[in-house]
Every structure is written in C-alpha cells, then in structure tokens.
Amino acid sequence: MDGELLSDTFVELTDTMVAGFDVIDFMHMLTNRSVQLLDVSAAGLLLADPRGDLRVVAASSEAARLLELFQLQNDEGPCLDCFRSGQPVQAADLAAVAPRWPRFAPAAGQAGFTAVQALPMRLREQVIGALNLFRASPGPFDPTNVRVGQALADVATISLLQERNMRHSDTLNEQLQTALNSRVIIEQAKGKLAERLGLDMDQAFNLLRESARTQNRRLSDLAQAFVNGTDTLASLDASRSRPRPSASRPPRLPGS
Amino acid sequence: MTDGRSARIWSLIAAQAARHGGRVSAADACEAAVAAVDVTGAWLIAANGEQAGHLMRVTDQASELLAELQLTLGEGPGPDAAASGGPVLASDLDEMEAVRRWPAFAPAARQAGAAAIFAFPLQLGAIRTGVMSLYRVRSGPLSAFQLGDALIFADTATLLLLDAQDQTAGGAAGSAGGPAGSAGAGPGGQPADLTRHRAEIDQATGMLTEQLGVGIAEAFIRLRAHAYAHDRRLSDLARDIVARRLRLLPDPDPREDGQA
C-alpha cells in the first residue's frame, strides 16, 4: 500500500469544511482512492436518500456504477445487505454464494467481478450509505486492506456528519440533495457529450472529468454549463477531431 | 418503498385537484404538501429556464407576503435554492446563521409569522422549472420522513410543470389529469420510476438534446412523449436510446428511425 497516498487521502477526506466543497467530487475521490490503495478493481458508493431509496452517487468505473444500480433495481445484493444491517459484508467468491444473491451474483460475473466487499458508512446508529469494493479475481480480501477501507469510509462519514454544529442535519441534507441532482446533471452531460462525439458513457465521463480538471472547475459546474449550452467544450471537440494529435502537444488549449 | 410512497403522494395531489375539479397541476402539489408535510403554508414559483418566475400558487396570506418579501429584497431561501440547485432548509430563522445569510429577509419573515422556511428547487438535473417553498410558524427541522415526502412533492411538481409546458406546445405526454389508479403511477400516467432507474433516463435525455437539437427540458419532454405515445416504460425506452438501438428524429411528431 502506498503510505504517502494513504496519508494524503486521509487529509483529503477531512477537508470538507472548505469553501466550494462538493459532495460528489468528495465521493468520487473516495472511490478512486479506494481502487488505488486497496488492491481492488473498482469501487462504488451508495448513499441513503430521504425519499426512501439508496442512490449511486459515485463509482470508479461504469461497470461498477451499473452493478450498484443493478442491486438497487433488483433490491438484492451485498451492498444492500451491508446498508440494511450496518455491518460489513464480504463475498470472497461470488460464484460460491450465488444462492444468496441469485440475480446479483451472475450480473457481477458478467461485469467481470468475482469478489465483493461492502463496508458501511456509519456513525453510531446512523447508517448513511455503503462503500463497495469489487475485485476481478476470487479469494478473500486482505484483512489490512479491509481495515483501511473501513477507516476511509469512517473518516468520510464523520467528515460529512460533523458539519456545522446545530444545523448539521439540515446542512447534510442540503448537500446530499445537491449532490444527487449534480449526479443527474453529470449523467445528462455524459449523454450529450457521448452523442456529440460518438463515445460510450465511460469515455464521455472521463473527458468531462479531464476537462473540468484542465479548466480547474467543479465537475458539476462544468456539466451544467455544457448541458445548458453556455460552455460548448469547443476545445475538447477540436482536440478530438484532430486526426493524430502529436504526443507532445497538450490535448487542448488552456484557458480558452 | 419509494413506489408506494410516490403513489400515496400522487393520490394526495390528485385528491386536491379533484376538490376544485380541474386537471392536476403543480399548484395542487403545493397545496397538498402543506397538510402532508405538516407545515403552515406554501408557495410555488414556476420558472422557465433562466427567466424570472411567476408566483403560481400561495396557500395563505403569509405565504404571499413571504413570496413578495423574497422578490422585493432579492434574498431568502427561495432564491438561494434556485441558485444552488439544492434545497435550502432554514429550520430556525432566529438563528445567527439565518440572520447573517439573509439580513433583511430573516427578520422580515419572522414578522410575517414564519419561524422556519424550507425551499425546494423544482429540478431534474440541469432542468429548472421553479421553486416550491414551505413555511412553518414553529421552528425546528423537518423529520427525515417529512423531508422525504417534501422532496417527492417537489419531484412531482417538477414533472407537472413540464407536462404543462408540453401541453402548451401541443405534445402528447400531457395526460396529467388521468386517473391515478395503477400503483406507482405518476404524472402523465408514467410509472414513477425516475429515482431508481434514472441514470439511463438522464443519459438518454442528454443524448436527445443532440439528436433533436433542443434544450434539456424539451429533450426530456420529448422522451416522455415518445414513451407515452408508444406505450413504453420510460426506463426501457431510455435504455434503447443509450444502447443506440433507437434514435429520435428532429421532428415535432417523433417517430422511430428503425433499428440501428
């Protein structure tokens, strides 16, 4: 495990009180760091919506996102069990426990995943969601990695819930709803960009994220501007339609 | 289950509409929310895109005053909700934080009789159709259950406002006045499956802005109209579009372009 990245990640996870804090970016960071640190193939994150559902708020890949969605749609799977019990759920070999999740297990196999570890996002009796780790090879998860994964989930949960003294439930709910709507905006933007450039959804998402990074903007802001037509991502168009961009040239003009 | 919950809320809204004998509109969602969420009053501002909205419904005099105050002073939970894209839950207007945030509006709202205001943007991603605000004479946060209900009222009001836009344009999805008989039926007779199946619906909506050369609200209206006209579930139709098995044509009467 990369110790430096791990300590950086803990610092990032406690950095929720800054101006312009964005729950979606925060959750994406958590899933991406989980993949980098915990020897897993993909990670996904579910949060509880006061409407009564769990919602997929972040995933490190489209396959993981679809698999999380699959569980919600079929009301079955380790991540749901984890959320409902507030306890970690591990399936080291999904094929061996297929009877427990007759629909989820084959769907996970089709997506290329053979093992899953679900970790609750929980503070005392309040369970706000679940962090789910997927691996492409069967076998037990390394106990150290699981402990570190739970620590990441715990710190993220505490960071979200510690918000601003008495108003904390109001603030968290405001931020969560904003995040859920941002998630919708991002999906709308993915669809628009995928259609415009003939990409799949994963490619569209990566381009949006890259573009946000290059412009130093929040992903949700950029996605909204793109959907509303106030940002055409023209530089991105141009860089992609160029037949063979030379390797030394930056992919797009900065600051345009 | 959200399906049962959406159906319960839809029937409350439909009952509200039946009381005045008209077709179901977002104003009915605003009215019905007052009793269901246990607040004192509510108001709803309908807005089309970035334009300033119009006050569509107030449920009592204080609501009207509160709406006017926000408009006059240019500050308050409503404008903040519209700008931030998330609800603004001001559960105690006497709190320092509320007073700091709305130095003119917070004391004026207290005078008007409101101790707590909860403002919900009427939105679907980048689609913005207005703001629904609830006020209460007593301070204190909404319970998790009340908040969930308020969010579903706001979701439903959003769909009803989009339906109304579609009717103005002479589209096909506007059957909002229809019976709410089937379980989970929402506005336009669509199953209320937006929350759980929504990523594909959102992606398909984004794709349609390009295929049809329209804005995001119009794209969503056309997606629903197509599902309604072809008697298909919105999520199934969306999946076909995302998988590029189906394209819609830039034509006011959308027809399938055959199999891709």
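Below or above, wherever it landed, is the structure these notes cover. Here the structure is a predicted model, which means the values were calculated and not measured.

### Digging into the interface of chain B and chain A
One frequently used descriptor of interface size is the decrease in accessible area upon assembly of the parts. Contacts between chain B and chain A engage 36 residues on the former and 31 residues on the latter. Those elements that place two or more of their residues in the side of chain B that touches chain A are α1 (2-20), β3 (88-90), β4 (116-124), α7 (144-168) and α8 (198-212) of chain B. Top element by residues in the side of chain B that touches chain A is α8(B). It accounts for eleven residues. Of the residues contributing to the side of chain B that touches chain A, the split by class is 15 nonpolar, 15 polar and six charged.

### Focus: the packing of α8(B) against helix α10 (residues 234-242) of chain B
All names here are of chain B. Following both chains from N to C, one finds α8 and α10 inclined at 55°, their axes separated by 8 Å at the closest point. One way to sum up the angle between α8 and α10 is to call them oblique. Viewed along their axes, α8 and α10 form a crossing whose handedness is left-handed. Contacts between α8 and α10 involve E200, I201, Q203, A204 and M207 from the first element and L234, S235, A238, R239, I241 and V242 from the second. In terms of residue class, the contact of α8 with α10 is built from seven nonpolar, two polar and two charged.

### A short note on the environment of D149(B)
As for its position among the elements, D149(B) is in helix α7. Residues contacting D149(B), with those up to four places away along its chain left out, are I9(B), A36(B) and V37(B).

### Brief notes about the environment of P77(B)
Residue and element names in this part refer to chain B. Secondary-structure assignment places P77 in helix α4 (residues 77-84). The class for P77 is buried, based on 30 C-beta atoms found within 10 Å. On a C-alpha basis, the gap between P77 and R101 in space is 9.3 Å, while along the polypeptide they are 24 residues apart. With residues up to four places along the chain from it excluded, the contact list for P77 reads V88, A90, I117, A119 and S133.

Conventions and cut-offs
Residues numbered from 1 in each chain as written. Chains lettered and ligands numbered in written order. Predicted model: local features only at pLDDT ≥ 70, side-chain atom pairs only at ≥ 80, totals over all residues. Contact = placed C-beta atoms within 7 Å. Helix = DSSP H or I, 4+ residues; strand = E, 2+ residues; numbered from the N terminus. Nonpolar A, V, L, I, M, F, W, Y, C, P; charged D, E, K, R; others polar. Axes fitted to C-alpha atoms, helices over the stretch in contact; angles between N-to-C directions. Parallel < 35°, antiparallel > 145°, perpendicular 65-115°, else oblique. Left-handed = near helix turned anticlockwise from the far one by under 90°. Buried ≥ 20, exposed ≤ 12 C-beta atoms within 10 Å, placed from the backbone.

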